[in-house]
Amino acid sequence: MEYQWYPGHMTKARRMMQENMGLIDLVIELADARIPAASRNPDINDLAWNKPRIVLLNKSDLADEAVTRAWMKHLEQEGVYAVSLDARNRSGMKAIDANVAKACAAKIERDRARGILNRPVRAMVVGIPNVGKSTFINSFAKKAVAKTGNKPGVTKGKQWIRMSKTLELLDTPGILWPKMGDPETGLHLALIGSMNDEILDPEKMALQLIEMLERSYPELLGKRYGFEDPGMFGNEENREHRILEGIAKVRGCLGKGGEASCEKAAGILLEDFRSGRLGRISLERPGDETKGDMQEETHAEGNGN
Ligand code: G4P
């Protein structure tokens, strides 16, 4: 799916989130497990400053498991509850309830002190386009009892999906737009397919992906495209380009004059990466963040901070 970002949409989405913040106890923030820094928007810190929050590292089926584990640890050290999730296959869902209970412990305790028992936690799902918000809500709702419909005291037209005795989700997710401040964030978002490919240069992206893969996952390209000897591309400057040509040759991508088409090969490589056919790959690791904005997080309640 491709997205174009219009200021009008962003303002509307932000206003919708602001309006709904008053109705909820908890924010469930989805990030992409392959790029947990670039796929989060620090605006959420302002919008949800007084709400407990849990972060779901979605599409974890496409990310490097060891790196995702490191991210969970990193987020937890910052006081954020984190769950690794594959919303499409519903793996990781079980851990959510326990994390909701931990994140909302203070609210649950407050209710109990007031004699209110078993009032479900109300949550809103938020995240950037394409991160899997609808997939998550739908797959979570599969086991849901029912939509709860309008209730007295709840803004007219709001639909709540009852997930369990203890959790209700607002059925309309909040949309955040990624911050495109530094070029690396933009590149990472583009590589996972969160931007309109037509306005990007696939060949340039493919060359940058090759550079990253060679650094962090040196065996994957050879394995996927059958390069017997990675040394065959030499070590000089244009190595990435020669690798792309190598992919073009192996995959029979030819231009008009019969020469290897790097443009076509770039398309194949990007698609192989995005679909996971290249392997489980994380583009960001905790510690190599330049996007420090998300690090200063605190939660309003429930985590003892
Ligand atoms: P959004 O509401 O946040 O915009 O995202 P949405 O749920 O529409 O998901 C965007 C794409 O990401 C969909 O693929 C969806 O299937 C895929 N997706 C969501 N969660 C996961 C996950 O945990 N793992 C993987 N691998 N993919 C996930 P699509 O190609 O746009 O649609 P479709 O072909 O699946 O219908």
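Conventions adopted
Residues numbered from 1 in each chain as written. Predicted model: local features only at pLDDT ≥ 70, side-chain atom pairs only at ≥ 80, totals over all residues. Heavy atoms only, no water. Helix = DSSP H or I, 4+ residues; strand = E, 2+ residues; numbered from the N terminus. Buried < 20%, exposed > 50% of the residue type's maximum accessible area, 1.4 Å probe, protein only. Contact = heavy atoms within 4.5 Å. Areas by Shrake-Rupley, 256 points an atom, 1.4 Å probe, with all protein chains shown as cover. pLDDT = per-residue confidence, 0-100. Near = heavy atom within 4 Å. Polar contact = N/O pair within 3.5 Å; in protein donor to acceptor, adjacent residues only side chain to side chain. Nonpolar A, V, L, I, M, F, W, Y, C, P; charged D, E, K, R; others polar. Pairing = 2+ DSSP bridges. Arc of directions from axis to C-beta. Salt bridge = Lys/Arg side-chain N within 4 Å of Asp/Glu carboxyl O. Axes fitted to C-alpha atoms, helices over the stretch in contact; angles between N-to-C directions. Parallel < 35°, antiparallel > 145°, perpendicular 65-115°, else oblique. Phe/Tyr/Trp six-rings, centres within 6.5 Å; stacked < 30°, edge-to-face > 60°. Lys NZ or Arg CZ within 6 Å of the ring centre and 35° of its normal.

Draft legend 1. Molecular detail of the overall build of the protein chain. Assigned secondary structure in the protein chain consists of 11 helices and eight strands. When the 305 residues of the protein chain are sorted by exposure, 49% land in the buried category. Long-range pairs, those at least 24 residues apart, make up 71% of the contacts in the protein chain between residues at least 6 apart in sequence. Approximately 15000 Å² of the protein chain is accessible, and the part contributed by carbon and sulfur atoms is 50%.

Draft legend 2. Quick peek at the confidence of the model for the protein chain. Per-residue pLDDT for the protein chain averages 86, and the proportion of residues at 70 or more is 88%. In the model, residues 145-155 has pLDDT below 50 throughout and makes 23 contacts with residues more than four positions away in sequence or in other chains.

Draft legend 3. Layout of the site of the ligand. Neighbouring residues of the ligand: 16 residues in total, closest Asp61, Asn130, Lys133, Ser134 and Thr135. Within the side chain of Lys59, one N or O atom sits 3.0 Å away from an oxygen atom of the ligand. Ser134 places a side-chain nitrogen or oxygen 2.7 Å from an oxygen atom of the ligand. Burial of the ligand by the protein amounts to 71% of the accessible area it has alone, namely 710 Å². Top element by residues in the shell around the ligand is helix H6 (residues 133-141). It accounts for three residues. Partitioning the shell around the ligand into residue classes produces six nonpolar, five polar and five charged.

Draft legend 4. Up close: the pairing of strand E4 (residues 121-127). The buried fraction of E4 is high, at seven of seven residues. As paired strands, strand E1 (residues 26-32) and E4 are joined by four bridges and run parallel to one another. Across the sheet, Ile28 pairs through a bridge with Val125, a residue of E4. Of the strand pairs in this sheet, E4 and strand E7 (residues 167-170) are connected by three bridges, and their pairing is parallel. When the sheet's bridge partners are listed, Val121 is paired in E7 with Leu167. Where E4 meets strand E8 (residues 174-175), two bridges bridge the pair, whose relative direction is parallel.

Draft legend 5. How the structure looks around unusual backbone geometry. Backbone geometry at Lys59 places phi at a positive 60 degrees, although glycine is not the residue there. Relative to the helices and strands, Lys59 is located in the loop between strand E2 (53-58) and helix H3 (65-77).

Draft legend 6. Representation of helix H4 (residues 94-103) within the structure. Along H4, the positions that sit buried rather than exposed are Ile96, Asn99, Val100 and Ala103. Viewed along the axis of H4, the buried residues span an arc of 105 degrees, placing them on a single side of the element.

Draft legend 7. Spatial organisation of the pattern of salt bridges. In total, this model carries 14 salt bridges according to the counting rule given. Of the charged contacts, one joins Glu109 and Arg112 as a salt bridge, the two residues approaching to 3.5 Å between their closest N and O atoms. Here Glu109 and its partner Arg112 are both found in helix H5 (residues 105-113), three residues apart, which amounts to about one turn of the helix. Judged by its relative accessible area of 47%, Arg112 falls in the partly exposed class. Put simply, Glu168 and Arg162 hold a salt bridge, and the shortest N to O gap is 3.4 Å. Taking relative accessible area as the criterion, Glu168 reaches 1% and is therefore assigned buried. Look at Arg162 and you get partly exposed, because its relative accessible area is 26%.

Draft legend 8. Highlighting the packing of helix H10 (residues 239-250) against helix H11 (residues 262-275). Running from amino to carboxyl end, H10 crosses H11 at an angle of 85 degrees, the nearest separation of the two axes being 8 Å. Relative to H11, H10 is oriented roughly perpendicular. Touching His241, Leu244, Glu245, Ile247 and Ala248 of H10 are Cys262, Ala265, Ala266 and Leu269, all from H11. A class-by-class count of the residues in the contact of H10 with H11 yields seven nonpolar, one polar and one charged.

Draft legend 9. Layout of the packing of helix H8 (residues 202-216) against H10. For the pair H8 and H10, the least separation of the axes is 9 Å and the interaxial angle reads 105 degrees. Classified by the angle between their axes, H8 and H10 sit roughly perpendicular to one another. Of the residues in H10, those touching H8 at Glu203, Ala206, Leu207, Ile210, Glu211 and Glu214 are Arg239, Glu240, His241, Ile243 and Leu244. Its residues assigned to classes, the contact of H8 with H10 shows five nonpolar, one polar and five charged.

Draft legend 10. Local environment of the packing of aromatic side chains. In this structure the tally under the stated criterion is three aromatic pairs. Note on Phe227 and Phe233: the rings are 4.9 Å apart at their centroids and 75 degrees apart in plane angle, and the pair reads as edge-to-face. Over the face of the ring belonging to Trp160 we find Arg122, whose NZ or CZ atom lies 4.1 Å from the ring centre.

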